[in-house]
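Residue-level listing of the chains:
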Amino acid sequence: MRATVCLPTYDERANLEPMLQALAEVLREGDRVLVIDDNSPDGTGELADRLAEEHEFVSVLHRPHKDGLGPAYLAGFRRALAEGAELVLEMDCDFSHDPADVPRLIAAVEDGADLAIGSRYTAGGHVGNWGLARRVISRGGSIYAALFLRLGVKDPTAGFKCFRRTVLEAIDPETITSRGYAFQIETTFRAKRDGFRIVEVPITFDDRTQGASKMSRWIVFEAVWRVPLLRLRG
Ligand SMILES: Nc1nc2c(ncn2[C@@H]2O[C@H](COP(=O)(O)OP(=O)(O)O)[C@@H](O)[C@H]2O)c(=O)[nH]1
Ligand SMILES: [Mg+2]
């Protein structure tokens, strides 16, 4: 099944080339990477264009300004589906998600899952060198989401996923307006609601060593108020 890895970037100049090299090692013939850059001030978009010229498996989607992770992924999903991808993956471009784990996510869907989630909190999963504040927010977010939504998923805010094409076609992601962690919770929530088979694949998540996090209080706050709304509106 042909896969497209959607890779959103905002100021990932130091990470992009090593990430594409690492993905080249694990992807198969016909698989693609789609870089979705929000006009990064550090020139990540221009670098991506240059790398796309060098590597046939890379394409770039340029967006005019920083608009959050959710809208970037939506644009990426649209493009990947239009180009015929059977599997659509999401992952960060900061090595928090290990490119070497991509084949395990793909295999989980090829073996019958509809959505595979690279999970920090399922048995065998780990969080590496993340600071205390981030650990508390992430764990707290998982517990909070579990309180309102019966997802049966240990890592609902995870951003390392592989969707079977039919999931994205069914859950109508275009109507999701969340931008941050809430976007991740909402895609998983909709997949569960629509009866798709979700599996968690244990991963080790490490903090980035290059560049800076774009997480903000706003992103956390968005998840806090959207999760109960999901419960109410379905
Ligand atoms: N295109 C795009 N990418 C973004 C945006 N915000 C974050 N990213 C990318 O999304 C991924 C995860 O973001 P990061 O800042 O590491 O968030 P954290 O892991 O929660 O600290 C990275 O590849 C970022 O470059 C955005 O507004 N637009
Ligand atoms: Mg990160």
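Preceding this paragraph is the structure being described.
Residues numbered from 1 in each chain as written. Chains lettered and ligands numbered in written order. Predicted model: local features only at pLDDT ≥ 70, side-chain atom pairs only at ≥ 80, totals over all residues. Heavy atoms only, no water.

Undergrad: Looking at this structure, I do not really get the overall build of the protein. What am I missing?
TA: Each helix and strand counted, the protein has eight helices and nine strands in total. Here the protein has a C-alpha radius of gyration of 16 Å; the compact-globule value for 234 residues is 17 Å, and the two agree. In terms of its C-alpha atoms, the protein occupies a principal-axis envelope of roughly 45 × 35 × 35 Å. The buried share among the 234 residues of the protein stands at 52%. (Helix = DSSP H or I, 4+ residues; strand = E, 2+ residues; numbered from the N terminus. Rg over C-alpha atoms; globule rule 2.2 N^0.38 Å. Buried < 20%, exposed > 50% of the residue type's maximum accessible area, 1.4 Å probe, protein only.)

Undergrad: Can you walk me through the packing of helix α1 (residues 13-26) against helix α2 (residues 44-54) in this structure?
TA: In helix packing, the relevant descriptors are the interaxial angle and the interaxial distance, both defined with respect to the helix axes. Interhelical geometry of α1 versus α2 gives an angle of 20 degrees and a closest axis separation of 9 Å. Our classification of the angle between α1 and α2 gives roughly parallel. α2 is crossed by α1, and the crossing has right-handed handedness. For the pair α1 and α2, the contacting residues are Arg13, Leu16, Glu17 and Leu20 in the first and Thr44, Leu47, Ala48 and Leu51 in the second. Here the residues of the contact of α1 with α2 sort into five nonpolar, one polar and two charged. (Axes fitted to C-alpha atoms, helices over the stretch in contact; angles between N-to-C directions. Parallel < 35°, antiparallel > 145°, perpendicular 65-115°, else oblique. Left-handed = near helix turned anticlockwise from the far one by under 90°. Contact = heavy atoms within 4.5 Å. Nonpolar A, V, L, I, M, F, W, Y, C, P; charged D, E, K, R; others polar.)

Undergrad: Hey, could you run me through the side chain of Thr9 in this one?
TA: Of note, Thr9 is situated in strand β1 (residues 3-9). Of the residues examined, Thr9 reaches a relative accessible area of 4% and is grouped as buried. A polar atom in the side chain of Thr9 sits 2.8 Å from the side chain of Asp37. Once residues within four sequence positions are removed from consideration, Thr9 is found in contact with Leu16, Val35, Ile36, Asp37, Asp38, Ser40, Thr44 and Cys93. (Polar contact = N/O pair within 3.5 Å; in protein donor to acceptor, adjacent residues only side chain to side chain.)

Undergrad: Can you walk me through the sheet that holds strand β4 (residues 87-90) in this structure?
TA: Picture the strands of a sheet paired through backbone hydrogen bonds; they go either parallel or antiparallel. With respect to topology, seven strands assemble into an open sheet ordered β3-β2-β1-β4-β7-β5-β8, the strand pairing being mixed. Two strands close off the open sheet at either side, each with one partner strand: β3 (58-62) and β8 (198-202). Across the sheet, the mean angle separating the axes of adjacent strands is 20 degrees when strand polarity is ignored. In this sheet, strand β7 (residues 161-164) lies alongside strand β5 (residues 115-119) in antiparallel orientation, the contact comprising three bridges. What sits directly across from Ala116, in β7, is Cys162. On top of the sheet, α1 reaches β1, β2 (32-37) and β3; it is set at about 170 degrees to β1, its chief contact. Together, β1, β2 and β3 form the strand contacts of α2, whose direction differs from that of β3 by roughly 150 degrees. (Pairing = 2+ DSSP bridges.)

Undergrad: I keep staring at helix α3 (residues 69-82) and nothing clicks. Help me out?
TA: Side chains three or four residues apart in an α-helix point the same way, a direct result of the helix having 3.6 residues per turn. In a regular helix each residue adds 1.5 Å, so 14 residues correspond to 20 Å; α3 covers 20 Å between its end C-alpha atoms and thus fits that length. The element α3 is extensively covered by neighbouring structure, given that ten of its 14 residues are classed as buried. By the burial criterion, the buried members of α3 are Gly70, Pro71, Ala72, Tyr73, Leu74, Ala75, Gly76, Phe77, Ala80 and Leu81. Immediately beyond the C-terminal end of α3, within one or two residues, lies Gly84, with a positive phi of roughly 95 degrees. (Expected span 1.5 Å × (residues − 1).)

Undergrad: Looking at this model, I keep getting lost on the site of ligand 1. Mind explaining?
TA: Around ligand 1, the surrounding shell holds 19 residues, and the nearest of these are Glu12, Asp38, Arg208, Ser213 and Lys214. Backbone polar atom of Thr9 to a nitrogen atom of ligand 1: 3.2 Å apart, as the coordinates give it. The separation between an oxygen atom of ligand 1 and a polar main-chain atom of Cys93 is 2.9 Å. Burial of ligand 1 by the protein amounts to 94% of the accessible area it has alone, namely 570 Å². (Near = heavy atom within 4 Å. Areas by Shrake-Rupley, 256 points an atom, 1.4 Å probe, with all protein chains shown as cover.)

Undergrad: Explain the packing of aromatic side chains here, please?
TA: Two descriptors summarise a pair of aromatic rings, namely the distance from one centre to the other and the angle between the planes of the rings. If you walk through the whole model with that rule in mind, you get six aromatic pairs. Consider the rings of Tyr73 and Phe77, whose centres lie 5.8 Å apart with planes at 25 degrees: the pair is stacked. Within this pair, Tyr73 and its partner Phe77 are both found in helix α3, separated by four residues, close to a single helical turn. Taking the relative accessible area as the measure of exposure, Tyr73 reaches 0% and is therefore buried. For Phe77, a relative accessible area of 1% puts it in the buried group. (Phe/Tyr/Trp six-rings, centres within 6.5 Å; stacked < 30°, edge-to-face > 60°.)

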